[in-house]
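Overview (structure and organization)
Spelled out, the chains give:
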Number of protein chains: 2
Amino acid sequence: MMRMSNNPNLTTLRSRLSEIHDLNKIGWVLSWDQRTMMAPGGAGVRAEQIATINRIAHEKFTSDEIGALLDSLSDVEATEPADSDAAALIRRTRYDYARERRVPGELRVAMSRAQALANGAWVQARRNNDYAGFKPSLAEILDLKRAYADAVRDPGQSRYDALLDDYEHGITTAEVTEIFTTVRDGLADLIAQVHEHPDRVDNGALHGDFPADQQATLCRSVLEPLGFNARAWRLDPTVHPFASNASTQDIRITTRYEPHILGPAFFGSLHEFGHGLYEHQIDPALERSPLCRGTSLGWHESQSRMWENLVGRSRAFIHWVHPRLKRVFRKHFTRYDAEALYRAANRVQPSLIRIEADEVTYTLHIVIRFELEQELVTGTLSLDDLPAAWNDRMRRYLGVEVPSDAQGVLQDVHWSQGYFGYFPTYSLGSILSSQLWVAIQRDLPDIERQIGKGEFAPLRAWLGEHIHRHGRKFTPRELLQRTLGVDRIDVAPYLSYLHTKFGELYA
Amino acid sequence: MMRMSNNPNLTTLRSRLSEIHDLNKIGWVLSWDQRTMMAPGGAGVRAEQIATINRIAHEKFTSDEIGALLDSLSDVEATEPADSDAAALIRRTRYDYARERRVPGELRVAMSRAQALANGAWVQARRNNDYAGFKPSLAEILDLKRAYADAVRDPGQSRYDALLDDYEHGITTAEVTEIFTTVRDGLADLIAQVHEHPDRVDNGALHGDFPADQQATLCRSVLEPLGFNARAWRLDPTVHPFASNASTQDIRITTRYEPHILGPAFFGSLHEFGHGLYEHQIDPALERSPLCRGTSLGWHESQSRMWENLVGRSRAFIHWVHPRLKRVFRKHFTRYDAEALYRAANRVQPSLIRIEADEVTYTLHIVIRFELEQELVTGTLSLDDLPAAWNDRMRRYLGVEVPSDAQGVLQDVHWSQGYFGYFPTYSLGSILSSQLWVAIQRDLPDIERQIGKGEFAPLRAWLGEHIHRHGRKFTPRELLQRTLGVDRIDVAPYLSYLHTKFGELYA
């Protein structure tokens, strides 16, 4: 139970919020089920069920009672320590309440229903390379998302800023633009260097014959020493991987097994593990409260990208994991040793698919989404012109030709789920993870050696102590201040990390 | 959409009931997930989530608004045809409403929470043969169920009659006692005949080496021609098999794979298929309404026991299915031909486990539950004395010694879920299935030949037309009247079927 004062209004607020949190988490379970388990025939009614849950959650949360409780608790908020559970609960809920009150109930329900239905439409469109078949769903989602942005935005705030705020509270389009520009400029020389030696690094170690069931065995055997355990975690296949959970002790990650490439499932499940661990290590006192969630998507991605890249693609980790890979795919990993695997895992090559992109070109994928999203939301780009705009930018920024919409604009699930303003958080998370890693190396000077020996408990403990346990008690910027003593995301450690690592590989 | 008049109050009622139905079905999904997918660490929060859903459903359903809507619709109920969707919706809801209004909200929530928690306790107790560890959960469930019976029962109605009514509306303990006594007396000579030739029928065909994944392949390959398809169905492993669904196009059946006996998964999945088909074939117009459910558990069991026994254990079916079994387990089913399999599938042997019992002794298992339940509910039997009472009755009625509580009183999940009054419906369903089969043979004189050729569409269509499509529009007794033109369950066809079939086998 949450540690807090005995104020009866606080108890009542806590209890109302627990009920609402239950409804939200139930929505997550329904959505997880839809994307991993549900027979496709169930999609129509499932959309109604999710809409019902969301409508009731919205009604209960935006009720006058919640407002009155919050008003009555101003004193408690002021007298309890600012970092106490009680003060944080009141403070964060006050913000959420004001924002959700601006959303008409019918709009919330319409978004929920449209997103649930668009998921199946997207799966089918991607399978059949049928952008035209998906366009009506996307148009509906986009219209609803515009209406949503108009409903919630502050006077003078742009639509896109309002959307960004849902995923990374407190950041603006201007700040993100500045960050991305610095990254792009800072990586230009590195990318040029790679272009001079495109074949210096061979990725054969990740290509071969990898049956799905053996990949699943492998992923489990690697994730378990990291902290995955059957008592509190699941790993399931899906079309577009994601992490979800029903509670801190019921973490659900998903992945996708490509029969001839090991990377997507292997690094993908490390990525989702990072998300899962964040929620798994939240203070149990926050369970069933709105604070029981990572504070932002950027912070979430800092965790997933950290486990995927800073840990998973490090030389120390690769040398630790190689014998485990060899246990499952003996012949292949006898041919390819640990160093070959390390190089394959870090090959830089401009490519079509974001989730398979290397660390150096990853941000370019995000910049494309970031630009296109802004144009779609403001309306300067029409959905008719979207595929061409996508393909054009892929050519200009990454130098790749997009052979089909399935491998182009249809590759990701997110827009079908209304996630406009979400993509930037992937790169923000990558950048933040490097910033955090500096602090981790300072506090755990032995970290590299530990990873090389498969000792992940110290890293888990550090992340739990400094980040995870707080859940959503602090805003992204407050957490930055608290963890690193700074006010802004800093690009420098990220650029330095990439230059050092890939400078060596592509020297 | 439901076909009904344009009365605005009816539209409002329909919409409120759709929302409540969504909540109930979401509860089913959460419970299915808990029993097939959820990591055990999630149990505590899951119990709260299910309790939250049930509390909200209860509050919404027992609201004064529903009562006022029902009152305002008396005229519509009287003027619409009695078998119309509209009249049925109002009529059935009026009954449910009056009953649920008698249940205090806190009691509904307490039952829901206790049942969700008891599920895990039961799984663990069964695994560890630890009745003492399960007793506190069972005591809580039983107390709550007594309180529930006291809350809902009519003046003069016994507690057990009130509980029975939830599962088989309109039947009484007296009527069930009479039916079971007739069955028991009617089978005494057959059981004596079997006792004289205990080894006349060999069951070797069902014993061997059957890896779980191959059993799963087999079950699918057999269920598909019956009507199971991946667009609308799932089949998953669980501890205690059950059927559930999220909608008519999202049917979920479960089974249990025993590595050395084929019967449980094979006949078990036919059984659950019968449940699934009932819900799958409900008129789509009833979707998202309280009429979208089988009318009673007895009628449900008539469907599951029909597919398991009258179809699945018939000579025609076994001869059709044998080559399919051989395709998966070639060596085994080369050794055992179709006739050997038919005999094995119909071996009569008093045994420990109800769900593995043969057709002849099955009712004795039910009678034991029926008697013990009445004693537990009235309080004449204490939970301390329950295992001894169980073992004693197994000895007296079935002549078997119970070696452990895991194979005794702990074998079934139902009591942990508060299902007191449910067990009798298994035998009522078996009896009813024989009664229905007489009508099926009259309308489909070719049925046996069709089954022998794997043509199940005519049977599916008959069941859909006469039973399934109506969902819960009619009470159990109304459906009996409508389908068979009679008012009572008749034991004669059941006894005649068993005597003919097993008389031949044990002559």
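Conventions we followed
- Residues numbered from 1 in each chain as written.
- Chains lettered and ligands numbered in written order.
- Predicted model: local features only at pLDDT ≥ 70, side-chain atom pairs only at ≥ 80, totals over all residues.
- Heavy atoms only, no water.
- Phe/Tyr/Trp six-rings, centres within 6.5 Å; stacked < 30°, edge-to-face > 60°.
- Helix = DSSP H or I, 4+ residues; strand = E, 2+ residues; numbered from the N terminus.
- Buried < 20%, exposed > 50% of the residue type's maximum accessible area, 1.4 Å probe, protein only.
- Pairing = 2+ DSSP bridges.
- Axes fitted to C-alpha atoms, helices over the stretch in contact; angles between N-to-C directions.
- Contact = heavy atoms within 4.5 Å.
- Least-squares fit on C-alpha atoms with pLDDT ≥ 70 in both.
- Polar contact = N/O pair within 3.5 Å; in protein donor to acceptor, adjacent residues only side chain to side chain.
- Salt bridge = Lys/Arg side-chain N within 4 Å of Asp/Glu carboxyl O.
- Buried area = accessible area lost by both parts, 1.4 Å probe.
- pLDDT = per-residue confidence, 0-100.

So, about the packing of aromatic side chains. All names here are of chain A. The full count for this structure, using the stated rule, is 42 aromatic pairs over all chains. Centroid distance Phe317 to Trp320: 5.4 Å. Interplanar angle 55°. Geometry classified as tilted. Here Phe317 and its partner Trp320 are both found in helix 13 (residues 315–328), three residues apart, which amounts to about one turn of the helix. Look at Trp320 and you get buried, because its relative accessible area is 10%.

Here we take up the sheet that holds strand 3 (residues 250–255) of chain B. One open sheet holds the three strands; their spatial order is 1-3-2 (chain B), and the pairing between them is mixed. A strand with exactly one partner marks an edge of an open sheet, and here the two such strands are strand 1 (233–237) and strand 2 (243–247) of chain B. With direction set aside, neighbouring strand axes in the sheet form an average angle of 20°. As paired strands, strand 1 of chain B and strand 3 of chain B are joined by five bridges and run parallel to one another. Residue pairing for strand 3 of chain B: Leu235(B) is matched across the bridge by Ile253(B). Of the strands in this sheet, strand 2 and strand 3 of chain B touch helix 2 (residues 43–61) of chain A, which is tilted by about 75° from strand 2 of chain B.

Let's shift gears to the relation of the copies chain B and chain A. Screw-axis analysis of chain B against chain A gives a translation of 0.1 Å along the axis, an RMSD of 0.0 Å, and a rotation angle of 180°. The superposition operator between the copies reduces to a two-fold rotation axis. Of the interface residues in chain B, 100% have counterparts in chain A that sit at the interface too, so the contact is made through matching surfaces.

We now examine the environment of Arg184(A). All names here are of chain A. For Arg184, the position within the fold is in helix 9 (residues 173–196). A C-alpha to C-alpha distance of 9.2 Å links Arg184 and Thr361, two positions 177 residues apart in sequence. Excluding residues within four positions of it along the chain, Arg184 makes contact with Leu364, Val367, Glu371 and Tyr397.

Take the side chain of Asn346(A) next. Residues and elements named next belong to chain A. Of note, Asn346 is situated in the loop between helix 15 (338–345) and helix 16 (362–378). Of the polar contacts made by the side chain of Asn346, one reaches the backbone oxygen of Arg313; its length is 3.1 Å. When neighbours within four sequence positions are excluded, Asn346 is seen to be in contact with Arg313, Glu359, Lys501, Phe502, Leu505 and Tyr506.

For the structure on display, the rule yields 94 salt bridges over all chains. Across the salt bridge formed by Asp199(A) and Arg347(A), the nearest N and O atoms sit 3.3 Å from each other. Pair noted here: Asp199(A) is in the loop between helix 9 and helix 10 (212–226) and Arg347(A) is in the loop between helix 15 and helix 16, with a separation of 148 residues, a long-range link. For Asp199(A), a relative accessible area of 64% gives the class exposed. Judged by relative accessible area, Arg347(A) falls into the buried class, the value being 16%. The partner of Glu401(A) in a salt bridge is Arg395(A), and the shortest N-O contact between them spans 2.7 Å. When salt bridges that share partners are traced, they join Asp22(A), Arg288(A), Glu48(B) and Arg113(B) into one network.

Right, let's talk about the sheet that holds strand 1 (residues 233–237) of chain A for a bit. Residues and elements named next belong to chain A. Reading across from one edge, 1-3-2 is the order of the three strands in this open sheet, with mixed pairing throughout. The sheet is open, and its two borders are formed by strand 1 and strand 2 (243–247), each paired with just one other strand. Recorded for the sheet is a direction-independent mean angle of 20° between the axes of neighbouring strands. Across four bridges, strand 2 lies against strand 3 (residues 250–255) in antiparallel orientation. Pairing of Ser244 across the sheet is with Arg252, part of strand 3. The sheet strands contacting helix 1 (residues 8–36) are strand 1, strand 2 and strand 3, and the helix crosses strand 2 at an angle near 135°.

Let us look at the interface of chain B and chain A. The interface is formed by 38 residues belonging to chain B together with 38 residues belonging to chain A. Carbon and sulfur atoms supply 60% of the area that chain B and chain A bury against each other, a total of about 2900 Å² over both sides. Of all residues in chain B, Ile26(B), Met37(B) and Gln49(B) give up the largest surface area on contact with chain A, accounting jointly for 16% of the area buried on that side. For the interface between chain B and chain A, the tally reads eight salt bridges. Notably, a salt bridge pairs Arg288(A) with Glu48(B), separated by 3.6 Å at the nearest N-O pair. Scanning the region where chain B abuts chain A turns up 14 residue pairs in polar contact (both at pLDDT 80 or more).

Phi at Asn129(A) is positive, roughly 50°, even though this residue is not glycine. Mapping Asn129(A) onto the fold places it in the loop between helix 6 (105–128) and helix 7 (131–152).

A separate point is the side chain of His275(A). All names here are of chain A. Tracing the chain through its elements places His275 in helix 11 (residues 263–280). Owing to a relative accessible area of 9%, His275 belongs among the buried residues under this scheme. Separated by 3.0 Å, the side chains of His275 and His300 make a polar contact. Residues within four places of His275 in sequence aside, it is in contact with Ala243, His300, Glu301 and Ser304.

Summary statistics for chain A give a mean pLDDT of 96 and a share of 99% for residues scoring 70 or more. Interface scoring of the predicted complex returns ipTM 0.94; its pTM is 0.94.

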